[in-house]
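# Inside the fold
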Amino acid sequence: MSSGIDYGKLMHRAMRGLIQEVLEGVQQDGLPGEHHFFITFDTAHPDAELADWLSDRYPGEMTVVMQHWFDKLEVTDEGFAVTLNFGDAPERLYIPYDAIKTFVDPSVEFGLRFESQDVEVEEDDDTQIAPIPESGPDTAPKKEPAKDADVVSLDSFRK
């Protein structure tokens, strides 16, 4: 019998499901309007697949942009694959949802950030949701939310 409800784990699953649903819509219909995504992921995740030169260049994490040009988006229950252009060199990436650290759509000031407090225990992850400041298509997402942003941390609800 469980000692309690693991809200952190449930929240992570729900937020990753939201990303999957959004990407499935893009796979089917393309990006609507001004929507575009900045996706930061752990390049060292055991299930992430990327070219050796990219993992050498970005050994810890990498932010990719899905906006003007991307190809062959394939969304599954575990992650997604997409071909992106890196300086006129198309490269195929596979990004598991568990490897995603941030998912940002600056066109509507929406963002999710997944943080792990204890690398050894995946269930103890902490999910934070914060409004993302407005940015243009050439602006990388900020690592920290704006000072005026309200960040909801699940730790405040844990005993």
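A brief report on the enclosed structure follows. Position labels on residues start from 1 in each chain and follow its written sequence. Only residues with pLDDT of at least 70 get local features here, since the model is predicted, and only at 80 or more are side-chain atom pairs given and counted; chain-wide, interface and lining totals rely on the full set of residues. Only hydrogens and water are set aside; all other atoms, that is, all heavy atoms of the structure, feed into the side-chain values.

## Focus: the overall build of the protein chain
Scanning the protein chain from N- to C-terminus turns up two helices and nine strands. Listing every helix and strand of the protein chain by position from the N terminus yields α-β-α-β-β-β-β-β-β-β-β. Within the protein chain, the fraction of its 159 residues that count as buried is 37%. Long-range pairs, those at least 24 residues apart, make up 53% of the contacts in the protein chain between residues at least 6 apart in sequence. Surface exposure here means Shrake-Rupley accessible area, sampled with a 1.4 Å probe, where a residue is shielded only by the protein chains that are shown. By element, 50% of the accessible surface of the protein chain is carried by carbon and sulfur atoms, the whole surface being about 9,900 Å². Only runs of H or I of at least four residues qualify as helices and only runs of E of at least two qualify as strands under DSSP, and these elements are numbered from the N terminus. Whether a residue is buried, partly exposed or exposed follows from its accessible area with a 1.4 Å probe, protein chains only, as a fraction of its type maximum: under 20%, in between, or over 50%, in that order. In what follows, a contact means two residues having at least one pair of non-hydrogen atoms within 4.5 Å.

## Concerning a nonpolar patch on the surface
Among the surface-exposed residues, Ile5, Tyr7 and Leu10 lie close enough to one another that they form a single nonpolar patch of about 340 Å² accessible area. Among the structural elements, Leu10 can be located in helix H1 (residues 7–29). Candidates for patches are residues over 30% relative accessible area with no salt bridge; among them, like charges are joined within 9 Å and nonpolar side chains (Val, Leu, Ile, Met, Phe, Trp, Tyr) within 5 Å. We count a salt bridge whenever a side-chain nitrogen from Lys or Arg sits within 4 Å of a carboxyl oxygen from Asp or Glu.

## A short note on the pairing of strand E2 (residues 61–66)
Residues Met62, Val64 and Met66 of E2 are buried on one face, while the alternating residues Glu61, Thr63 and Val65, pointing to the opposite face, are not. Strands pair, by our definition, only if DSSP identifies at least two bridges between them. Here strand E1 (residues 37–42) pairs with E2 via six bridges, running antiparallel. Residue pairing across strands places Phe38 opposite Val65, the latter belonging to E2.

## Digging into the pattern of salt bridges
Following the criterion strictly, the structure yields three salt bridges and no others. Between Asp98 and Arg16 there is a salt bridge; the shortest N-O distance is 3.8 Å. Separated by 82 residues along the polypeptide, Asp98 in the loop between strand E5 (90–96) and strand E6 (100–105) and Arg16 in helix H1 bring together distant segments of the chain. Looking at Asp98, the relative accessible area reads 45%, which means it is partly exposed. The exposure class assigned to Arg16 is buried, which follows from its relative accessible area of 11%. Its salt-bridge partner being Glu74, residue Arg92 comes within 3.1 Å of it at the nearest N-O pair. A residue pair is termed long-range when its members are at least 10 positions apart, and Arg92 in strand E5 and Glu74 in strand E3 (residues 70–75) qualify at 18 residues.

## Some points on H1
Here H1 contains 23 residues, and its C-alpha end-to-end distance of 33 Å stays within 8% of the 33 Å for a straight helix at 1.5 Å per residue. Along H1, the positions that sit buried rather than exposed are Gly8, His12, Met15, Arg16, Ile19, Gln20, Leu23 and Val26. What a helix is expected to span follows from its residue count: subtract one and scale by 1.5 Å.

## With respect to the sheet that holds E3
Taken together, the three strands give an open sheet; going across it, the order is E3-E4-E5, and neighbouring strands pair in antiparallel fashion. Every other strand in the sheet has two partners, leaving E3 and E5 as the edge strands with one partner each. If you compare each strand with its neighbour and ignore which way they point, the axes differ by 15 degrees on average. Here strand E4 (residues 79–85) pairs with E5 via seven bridges, running antiparallel. Within the sheet, the bridge partner assigned to Asn85 lies in E5 and is Pro90. Sheet contacts for H1: E3 and E4; angle to E3, the most-contacted strand, approximately 130 degrees. Working convention: axes come from line fits to C-alpha atoms, limited for helices to the stretch in contact. Angles between N-to-C directions cover 0 to 180 degrees.

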